[in-house]
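# Topology and contacts: notes
Each chain, written out:
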Amino acid sequence: MNVLPSAYLTGQKPLFRKLLDALLERYTYASVLAEDADARNYSVSGRGTDISGDTRFGKRGFVVRVYEGSGYAEYSGNLLTEAMIPEILGRIGEELEAADTRFRRYETPVSADEPLTFQKASEYETDPRALGDAGIIGKLEALRAQAFSLKADLVDASARFNTHCYHKLFLSRDRDLMQDCMWSSCAVQVMARRGEELKDVYRSFSDLGGAEVLERASGGIPEMVRTLEDLLGSEPLPPGTYECVCTPEVTGMIVHEAFGHGVEMDMFVKDRALAKSFIGQPVASPLVTMYDGADTGYRDVATFFFDDEGNTAGNTLIIDRGILVAGICDEVSASRLGTKPTGNGRRETFDHKAYTRMTNTYFTAGESTPEEMIASVKDGLLLEMPSSGMEDPKNWGIQCMVSFAREIKDGKLTGRVFSPIVLTGYVPDLLKSISMVSDTVEHSGGGYCGKGYKEWVKVSDGGPYIKASIRLG
Amino acid sequence: MDYNAFKELVVRAAEAAGLKDYELYYSAAESTSVSTYKHAINDFSSTLEGGVCFRTLVNGHMGYASTESLTEDEAEAIVKRAAENALLLETEEPEFLGEGGGTYRELPKQEEALPDAAFLVRSVLQCEQMLYDEDPAVIDGSGATAGTESSTVAIYNSRGIDLQDSRSVAFFYAEAVVSDGEKMSNAYEVKTGITEEHMKEAVSKSVEEAKQKLTAEVAPTGSAPVILSPGAMRSLLAVYSSAFSAENAQKGLSLLAGKEGTAVASPLVTLVDDPFYPESLFPRAFDAEGMPTCTKAVIENGELKTLLYNLKTAAVAGRKTTGNAAKAGYAAPVGIRPFTFVLKPGDKSEAELLAMADGGVYVDELQGTHAGANPISGDFSLQSMGYLIRDGKKAGAVKDFTTAGNFFELLKNIRALGNTAEKDKFAGVSGFAAPAVLADGLSIAGK
């Protein structure tokens, strides 16, 4: 089924159009982005049950952008009435006058604004609202009970469900776009104790869709409990450089944190990303091909039809068989760099600025099987369960945490487990060391991505198993 | 329609509906910001947002409704929706509204008008030029942002509470990007109050820090004495302040649950929550339930004196609220947060602390707390920048190392505190202040 349009946006559209028309009488370019979003969080654990509306993302409001002379200005609010239109015009006019009549503005060419009209919606199988609060909590309780049925002495098992249904309307002189999308995610955590040691295993499941993701979570719990048993006997890892096989989740973290942030082209404008000087040069093994886009063909959480600047979603080829070919770009940065936007201009919500942001970021599949890759390792590690990562676009440093590593000796897993693990090093060194890539890929989208520790947007990442030489601590 | 006129309509509608227990919460925020790039205005943006939340107790259940539209029709509609929502609820948890009659501290009025758009533009360009003039190593990409923020909060209820507070602030930040021709680094400094003197200070500090980072080498690995700078300690306090929430404690999400009255930190540690901290930009005399706020020791000489409570969690614990109810927005549920969390300074000068930590590492900055710090277990492993300490002085700058430890163990292992607490420069209602801290038991992992 398709996500249905927002009655609020449909009802308010004539008023947004009126605001736009008034702006276009004064300015070369004007646009209105309006948003209506509902976000809800549910959780079940030994500590109780929680149901809450997510007020960070569950908002409605609008932002207007105008272009004047050589730059742009924005105004956002959560209420628009006809009586407010002159006030908004006055405020924007005052700001632009302050900036333009006394001082030079940074030269930003006007947006292309090629004609475009569509209304599109994402699909879902199970509507969380139809399932109801009680239905969702019931399914989360069942996940928790499943974990306990597999290991009765768990300290706790918790299950969380987040669903975000959003509707966006974009209007400009030549564009009239509407989209209705829903993503949902389910995260499960199991905890156990051995002596003084407390360990946990966390896994998230996510989709562009509805409550059907809860069914997928159930299938992952047996493996989580087995992993938890292994983790209870883990040891610290001696620092050093190891031959590693990374699971798709760990690959995803490397793709996103180590490389993705470095090709956000708003950083190119300000000369803050080392990647800018590497366009056209090898940055990874020829086995590596990387994309980012909201239109990938996968049902990932950051899939949409147009971005927050009214540009259609894309799927940008970033690394082509080891060669860095392009970055991702918002509209203003594209204008300044003399290139085209890639559909990556995203806002946390309507009242935040748009920046170049990742969407669904991934490496493509190779030709080896995961089994062949493990069998090829004489003395190394299988890295699993990423926990956090840091971007460093200026210097292309990498610092990622993974929860544990399984020892591989003579091509076989020995059962020995090390935890926790820190990946460090120089990104191109790591990517150039990739010597095998698996023939299957997995994507996951349990988290959000921040820019400068704020401006959170939903993203997914992933890829195949990769084999590489990695410095670990 | 303004809030006061809307309030009158809501009260009339609530009385007409026969409601006896209800509350109207209003919040509005307005902001403007302007930024530069290459000696010119980069962008200009402004935001105006606000709304009200009406909640009412019907048969022991609290129904909520909110709206951003302050009109006569909506005044009646939110009363009706909230009453209907209350009837749909099945929860057995008790709900509370604040009682009037409390004593509220009088806060100084803000007299100074906020700067206009033209002043912001002039200031931000001047600040950027000062960055370029400060040092030839400063390159394009350096820039400045200036802006204003205003917020108003009001709360009215049927039990005698009728409060309003408005605050505003003007701010700017200077960000320096420097290069030595091969490497690049950046640093920024935030200040409130847009004056030439503040700009000079911010420019000088950001350029100096950026240049120091440029020379940084990778730190060695090992266990060594560690000094956390005021900023690094504030980062940890910000992450782990949630452990002091009674709501988290009662949900089993805090290791401090059940520890009130016991030692949880070194005797050197006194941690205070202060709604009236002199440097706070948004001091508050009342919390989100309309209850009076107060300054209180959360940890005193190492002993956990109290967690932070709102009305509901206080009732569960059988004690009084500490006036820490908070809402993340007008439509958000009532939660808990600190105002300004202040780790009280000790008696050591920076030179004395450095002498005590000879051979160790001064951690100036911790990054990635959103991902590398577990707010429940207290474990953290964070990318860091800082200095080696040699001969009792800050020696070479070091970068790309991990500082790892456990927050709750850190509190117990504090060996000395600097004699000056520094507050975060541009915080909202919740802020943090701390001195430099010398602690044992932290590990450093670099090359």
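This structure is a prediction, so every number in the text was calculated from the model and none was measured. (Residues numbered from 1 in each chain as written. Chains lettered and ligands numbered in written order. Predicted model: local features only at pLDDT ≥ 70, side-chain atom pairs only at ≥ 80, totals over all residues. Heavy atoms only, no water.)

Before going further, it helps to spend a moment on the overall build of chain A. From N to C terminus, chain A includes 9 helices and 25 strands. For a compact globule of 473 residues, the expected C-alpha radius of gyration is about 23 Å, and chain A comes in at 24 Å, within 12% of that figure. Principal-axis analysis of the C-alpha atoms places the extent of chain A at approximately 70 × 55 × 35 Å. Within the span of chain A, comprising 473 residues, buried residues form 61% of the whole. For chain A, contacts bridging at least 24 residues in sequence account for 75% of all contacts bridging at least 6. Working note: accessible area of chain A is about 17,500 Å², and carbon and sulfur atoms make up 50% of it. (Helix = DSSP H or I, 4+ residues; strand = E, 2+ residues; numbered from the N terminus. Rg over C-alpha atoms; globule rule 2.2 N^0.38 Å. Buried < 20%, exposed > 50% of the residue type's maximum accessible area, 1.4 Å probe, protein only. Contact = heavy atoms within 4.5 Å. Areas by Shrake-Rupley, 256 points an atom, 1.4 Å probe, with all protein chains shown as cover.)

It is worth spelling out the domain arrangement of chain B at this point. All names here are of chain B. You can read the domains of chain B as domain 1 (117-150 + 167-213) and domain 2 (218-445). Its C-alpha centre places domain 1 at a distance of 28 Å from the equivalent point of domain 2. Facing the 9 residues of domain 1 at the interface are 9 residues of domain 2. When the two sides are added together, the surface that domain 1 and domain 2 hide from each other amounts to roughly 1,000 Å², 66% of it contributed by carbon and sulfur. For E365, the salt bridge goes to K213, with nearest N and O atoms at 3.3 Å. Elements that contribute at least two residues to the side of domain 1 that touches domain 2 include exactly β5 (162-179), β6 (184-192) and α4 (196-214). Grouping the amino acids of the side of domain 1 that touches domain 2 by side-chain chemistry returns 3 nonpolar, 2 polar and 4 charged. (Domains from an automatic or database assignment. Buried area = accessible area lost by both parts, 1.4 Å probe. Salt bridge = Lys/Arg side-chain N within 4 Å of Asp/Glu carboxyl O. Nonpolar A, V, L, I, M, F, W, Y, C, P; charged D, E, K, R; others polar.)

Quick look at the domain arrangement of chain A now. Residues and elements named next belong to chain A. Each assigned domain of chain A is listed here: domain 1 (7-120), domain 2 (123-163 + 182-232) and domain 3 (240-472). If you average the C-alpha positions of domain 2 and of domain 3, the two centres end up 26 Å apart. Counting from both sides, the interface comprises 17 residues of domain 2 and, opposite them, 16 residues of domain 3. Summed over both partners, the interface of domain 2 with domain 3 buries about 1,400 Å², with 51% contributed by carbon and sulfur atoms.

What follows covers the interface of chain B and chain A. The partner chain A presents 42 residues to the 50 residues of chain B that form the contact. Three residues, Y37(B), F44(B) and M184(B), lead the burial of chain B against chain A; their summed loss comes to 14% of the area buried on that side. Applying the counting rule to chain B against chain A returns 2 salt bridges. Here D43(B) ties to K353(A) by a salt bridge, and the two come within 3.2 Å at their closest N and O atoms. The tally of links from chain B across to chain A stands at 12 residue pairs in polar contact (both at pLDDT 80 or more). (Polar contact = N/O pair within 3.5 Å; in protein donor to acceptor, adjacent residues only side chain to side chain.)

Moving on: the packing of aromatic side chains. All chains considered together, the criterion is met by 17 aromatic pairs over all chains. For the pair Y173(B) and Y188(B), a centre-to-centre distance of 5.7 Å together with 55° between the ring planes defines the contact as tilted. Residue Y173(B) is located in strand β5, and its partner Y188(B) is located in strand β6; the two are separated by 15 residues in the primary sequence. Taking NZ or CZ as reference, K120(A) lies 4.7 Å from the ring centre of F118(A), over its face. Its guanidinium or amino end placed over the ring of Y362(B), K394(B) lies 4.3 Å from that ring's centre, counting from NZ or CZ. (Phe/Tyr/Trp six-rings, centres within 6.5 Å; stacked < 30°, edge-to-face > 60°. Lys NZ or Arg CZ within 6 Å of the ring centre and 35° of its normal.)

With that out of the way, let us pick up the sheet that holds strand β10 (residues 290-293) of chain A. Residue and element names in this part refer to chain A. Across the sheet, which stays open at both edges, the 6 strands sit in the order β12-β11-β10-β15-β24-β21 with mixed pairing between neighbours. The open sheet has two free edges, formed respectively by β12 (323-324) and β21 (442-444), since each of these has just one partner strand. Where strand β15 (residues 360-363) lies against strand β24 (residues 460-463), 3 bridges are found, and the strand directions are parallel. Within β24, the position partnered with T361 by the bridge is D461. Packing of helix α5 (residues 248-260) onto the sheet brings it into contact with β10, β11 (315-320), β12, β15, β21 and β24, and relative to β24 it is tilted by some 120°. (Pairing = 2+ DSSP bridges. Axes fitted to C-alpha atoms, helices over the stretch in contact; angles between N-to-C directions.)

Turning to the sheet that holds strand β12 (residues 303-304) of chain B, a few remarks are in order. All names here are of chain B. One open sheet accounts for 6 strands, arranged β12-β11-β10-β15-β21-β20; its pairing is mixed. The two strands at the open ends of the sheet, each matched to only one other strand, are β12 and β20 (422-423). Lying over the sheet, helix α5 (residues 230-240) contacts β10 (271-274), β15 (340-343), β20 and β21 (431-434), oriented at roughly 135° with respect to β21.

All names here are of chain A. By the definition in use, this model includes 49 salt bridges over all chains. Note that D230 and R406 form a salt bridge whose closest N and O atoms lie 2.6 Å from each other. In this pair, D230 sits in helix α4 (residues 213-232) while R406 sits in strand β17 (residues 397-409), placing the two residues 176 residues apart along the sequence. Through salt bridges that share partners, R65, E74, E309 and R347 make up one connected network.

With respect to burial, α5(B) is a largely interior element, 8 of its 11 residues being buried. Those residues of α5(B) lying buried are P230(B), A232(B), M233(B), R234(B), L236(B), L237(B), V239(B) and Y240(B).

With that settled, the discussion passes to the side chain of S241(B). Residue and element names in this part refer to chain B. You can see S241 is positioned in the loop between α5 and α6 (246-250). The buried category is assigned to S241, whose relative accessible area is 10%. Apart from the residues within four sequence positions on either side, S241 is in contact with P338, F341 and F432.

This brings us to unusual backbone geometry. Phi at D410(A) takes a positive value of approximately 50°, unusual for a residue other than glycine. Its location among the elements puts D410(A) in the loop between β17 and β18 (412-418). Here the phi dihedral of N59(B) falls at roughly 55°; this positive angle occurs in a residue that is not glycine. For N59(B), a relative accessible area of 66% gives the class exposed.

Moving on, we come to the environment of K7(B). Residues and elements named next belong to chain B. One can find K7 in helix α1 (residues 3-16). Judged by relative accessible area, K7 falls into the buried class, the value being 6%. Linking K7 and L343, residues 336 residues apart in sequence, is a C-alpha distance of 40 Å. Setting aside residues no more than four positions away along its own chain, K7 makes contact with L24, Y156 and D162. A polar atom in the side chain of K7 sits 3.1 Å from the side chain of D162.

So, about the packing of helix α3 (residues 128-150) of chain A against α4(A). Residues and elements named next belong to chain A. Close contact between α3 and α4 brings their axes to 9 Å; oriented N to C, the two are set at 20°. Judged by the inter-axis angle, α3 sits roughly parallel to α4. As α3 packs across α4, the resulting crossing turns out to be right-handed. Each of L131, K139, L140, L143, Q146, A147 and L150 in α3 lies in contact with α4, whose residues at this interface are L214, E215, A217, S218, I221, P222 and V225. (Parallel < 35°, antiparallel > 145°, perpendicular 65-115°, else oblique. Left-handed = near helix turned anticlockwise from the far one by under 90°.)

All names here are of chain B. Most of β6 is tucked away, with 7 of its 9 residues classed as buried. Relative to β6, β5 runs antiparallel, the two being bridged by 9 bridges. Bridge pairing links V177 to N186 in β6. Counting the residues in the hairpin turn of β5 and β6 gives 4 residues, including G181, whose phi is positive at 100°.

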